[in-house]
Amino acid sequence: MSKYRSLRFKLIIGFVSVTVPLILFLVYSNWYAMNVVRTQVAESQQSLLKMYTNEMDGILTQVDNYLLSSAFQHAGITSLTLNDPESDEYTMTRIQVLNQLNADLVNYKWVSMLFVYSSRNGDLMSSEHNRALSKQIKDELAVRMTSIKPNAAVLKEWSTVRINGEAWLLRLEKNDFNVYTGALISVKTLMDPIQNVNLAGAGQALLMSNSGELLSQGASFPHSIAERIRLMGNTDKQYETLTIDQNKMLVVTNASQQSDTNLIVMISEKQLLQRLVYYQRIINMTPFAAILLLLIFLFFLRGIILKPIHQLIRGMKRIKDGDLTYRLEHFTSQEFEHITNNFNEMASEISDLKINVYEEQLRLNKSEIKQLQLQIHPHFLLNSLNVVFNLMESREIKLAQQMVRYIMNYFRFVTRTAVPLVRMEEEIEHIVTYLQIQKMRFPKFLEYQVEVEDALKSVLLPPVLFQPFVENAIIHGFLIRNQTFLIRIAVEKDPDDPSRSILITISDNGTGFSEEQLSLLLKLGHSRQAHDHEHLGIGNVYERLRLNYGERASLRFANALEGGAKVILRLPLQIE
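The present account deals with the structure reproduced in this document. (Residues numbered from 1 in each chain as written. Predicted model: local features only at pLDDT ≥ 70, side-chain atom pairs only at ≥ 80, totals over all residues. Heavy atoms only, no water.)

A closer look at the nonpolar core
Across soluble globular proteins, nonpolar side chains have a tendency to be buried as a group. Core analysis: the biggest nonpolar cluster contains 41 residues, and Val63, Val111, Leu114 and Val116 have the highest contact counts within it. If you tally residues by element for this core, the top one is helix 1 (residues 7-73), at ten residues. When near neighbours in sequence (up to four residues on either side) are disregarded, Leu114 contacts Tyr66, Leu67, Leu101, Asp104, Leu105, Met125, Ser126, Ser127, Gly182 and Ala183. Counting 37 residues, the second largest nonpolar core, distinct from the first, contains Leu456, Leu465, Val470 and Ile487. (Core = buried A, V, L, I, M, F, W, Y, C linked by side-chain atoms within 4.5 Å. Buried < 20%, exposed > 50% of the residue type's maximum accessible area, 1.4 Å probe, protein only. Helix = DSSP H or I, 4+ residues; strand = E, 2+ residues; numbered from the N terminus. Contact = heavy atoms within 4.5 Å.)

Overview of the environment of Gln401
Tracing the backbone shows Gln401 in helix 10 (residues 397-416). Given a relative accessible area of 47%, Gln401 falls into the partly exposed group. C-alpha separation for the pair Gln401 and Val388, spaced 13 residues apart in sequence, amounts to 8.5 Å.

Section: the sheet that holds strand 5 (residues 179-186)
Across the sheet, which stays open at both edges, the five strands sit in the order 2-1-5-4-3 with antiparallel pairing between neighbours. With partners counted over all chains shown, the strands left at the sheet margins are strand 2 (123-128) and strand 3 (159-163), one partner each. Direction aside, neighbouring strands of the sheet carry axes that sit 30 degrees apart on average. Alignment of strand 1 (residues 113-118) against strand 5, held across six bridges, turns out to be antiparallel. (Pairing = 2+ DSSP bridges. Axes fitted to C-alpha atoms, helices over the stretch in contact; angles between N-to-C directions.)

Here's the deal with the sheet that holds strand 16 (residues 565-572)
One open sheet accounts for five strands, arranged 11-13-14-16-15; its pairing is mixed. The sheet terminates laterally at strand 11 (446-452) and strand 15 (554-559), the two strands that pair on one side only. The mean inter-strand angle of the sheet, taken between neighbouring strand axes irrespective of direction, is 10 degrees. Here seven bridges tie strand 11 to strand 13 (residues 485-493), and the two strands are oriented parallel to one another.

Structural notes on unusual backbone geometry
Of note in this structure, Asn178 is not a glycine but carries a positive phi near 60 degrees. On the secondary structure map, Asn178 appears in the loop between strand 4 (166-174) and strand 5. The exposure class assigned to Asn178 is partly exposed, which follows from its relative accessible area of 37%.

Some remarks on the layout of surface pockets
Quantified by volume, the second largest pocket comes out at close to 390 Å³. For the second largest pocket, the lining is made up of 20 residues, of which Asn472, His476, Phe513, Gln517 and Leu521 are closest to its centre. Put simply, the parts of the chain that give the lining of the second largest pocket at least two residues each are helix 12 (467-477), strand 14 (501-508), helix 13 (515-526) and strand 16. Residue contributions to the lining of the second largest pocket peak at five residues, all from helix 12. (1 Å grid on protein atoms, 1.4 Å probe; cavity = no way out; pocket = protein on both sides within 12 Å on 5 of 7 lines; lining within 4 Å. Points joined across faces, edges and corners; volume = space filled by probe spheres on them.)

Remarks on helix 4 (residues 135-145)
All buried positions along helix 4 are accounted for by Ile137, Leu141 and Met145. The buried residues of helix 4 occupy an angular sector of 70 degrees when the element is viewed end-on, so they sit on one face. Exposed side chains of helix 4 directed beyond 90 degrees from the buried face belong to Lys135 and Val143. (Arc of directions from axis to C-beta.)

Section: the pairing of strand 3
Of all the five residues making up strand 3, four are buried; the element is thus mostly covered by neighbouring parts of the structure. Here strand 3 folds back onto strand 4 in antiparallel fashion, the turn holding two residues, of which Asn164 has a positive phi close to 55 degrees.

Points about the packing of aromatic side chains
The relative placement of two aromatic rings is captured by the distance of their centres and the angle of their planes. Counted by the stated rule, this structure contains five aromatic pairs. Centroid distance Tyr117 to Tyr180: 6.5 Å. Interplanar angle 40 degrees. Geometry classified as tilted. One end of the pair, Tyr117, is in strand 1; the other, Tyr180, is in strand 5, and 63 residues separate them in sequence. Take Tyr117 and Tyr180: they sit in the same class, and that class is buried. Measuring from ring centre to ring centre gives 5.9 Å for Phe513 and Phe557, while their planes differ by 90 degrees; the resulting arrangement is edge-to-face. Pair noted here: Phe513 is in the loop between strand 14 and helix 13 and Phe557 is in strand 15, with a separation of 44 residues, a long-range link. A relative accessible area of 13% places Phe557 in the buried class. Counting every residue linked through ring pairs, the aromatic cluster contains Phe469, Phe513 and Phe557. (Phe/Tyr/Trp six-rings, centres within 6.5 Å; stacked < 30°, edge-to-face > 60°.)

Some details on a nonpolar patch on the surface
On the surface, Val16, Val20 and Leu24 cluster together into a nonpolar patch covering about 220 Å² of accessible area. On the secondary structure map, Leu24 appears in helix 1. With a relative accessible area of 53%, Leu24 lands in the exposed category. (Patch = residues over 30% accessible without salt bridge, like charges linked within 9 Å, V, L, I, M, F, W, Y side chains within 5 Å. Areas by Shrake-Rupley, 256 points an atom, 1.4 Å probe, with all protein chains shown as cover. Salt bridge = Lys/Arg side-chain N within 4 Å of Asp/Glu carboxyl O.)

Spelled out as structure tokens, the structure:
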């Protein structure tokens, strides 16, 4: 029986069909809840970033306007190139420019430095809050100004630069006299307000250039992550989840319109979804709980349903195999107790019925065997009387008397052996008597050989079982009268199964079987119908074999290699 049709398999499939969709629904609910939280937090942080970016862009725009107006409208700046650097007029103009820068810087608290640079004179004039910038920064800025190209990005927008190892935003305006006005803003100064708003303990705000360079201090991640964040600023994605240092981070970006920077907020998902931790744990434990529940469910069903059903199937198989003594055990369930009682009663009734049928079949078999034997006896009697008649007619009185003596011995054996089984040596003696009768008829043309193993002389077999084959050999095979007709009878153990079977071989040196005769004899063995007079003896042998041995005996017809016919009778080894 296929395991896919078993009740156990169907119960498992039913349980899985219910639990798996439930688990998938819980997993989907968890995933949906996390996405809702991510989306809400991302929208909140996006709004914050836009607000701060707009504020930052507004300040940068104001500084842009200031630098543009100063470069072209401030009298001192435009006249720096008109005086000799060593002259008093140049010195006075320079002081005027510095004073103006100091006065203007007060209006831009985010700007770290306002400066003017005269490329003709190589002179850098700067103003910073409380003179907080170091000399190294000023010197490096002066060196950088000497290499400014006409198409430099800082002349068009705020650009990120590294000065003295720190990140800055730099913006320049150039007038017609090759004088530059510029502003320098520290990235740290830009980031302090947003980091102090509402990110404490929840995440961190970062500033990244459009080239993927991280400008904020205290943060680092691989170049591949930086590249993904940079590309994210060019898409419409509200957020993205990235794994940084084995921690999942929610990343939200917003690009500045006035500079080559992107403002980034990174929030740890562990903190973000901390309210869903217990719910996630429940989701993660659900499959294990389902498996445990399935095992408990199957253990319960095994004792209540599967075990009784399995025992019932096993009992039916045992009954089918012929073990009518098998009985089912009793169970506590009322329904299976009822089935058990009915099964045991049915088995008892089948056992009694089979015994009655078997006994009746034995009686019928015995009757059929006796009837078959009675059919053989008259058949041989007629042939024997025909021989005596021929001897009397040819006036062979002594031979006729001897023939009558053989016939008397023959029928004395038949009368005495009206029993189911006889010994092999008695059966062989009977066959020899029959052959002696035939040899008296054909003294010069008939010989016989009988070989029986000593261990097989006590084997039991039905009486007059293979005499019809000896008769047929003489009747059908003895057609060549110019040579001696030899009949061989050999009784030996079956080489293929010597402990349980014997072989009785009747062979001759006659004409053998034709193909038509072999086909007819094969059909005769498969037929259960009454046979005609010509094949009555062989048909009776087939029936007696079937009634006495069933499938354990076989009968085979063939032609010997050296010529002549051969009949091989295989019987079970049955010792008295």
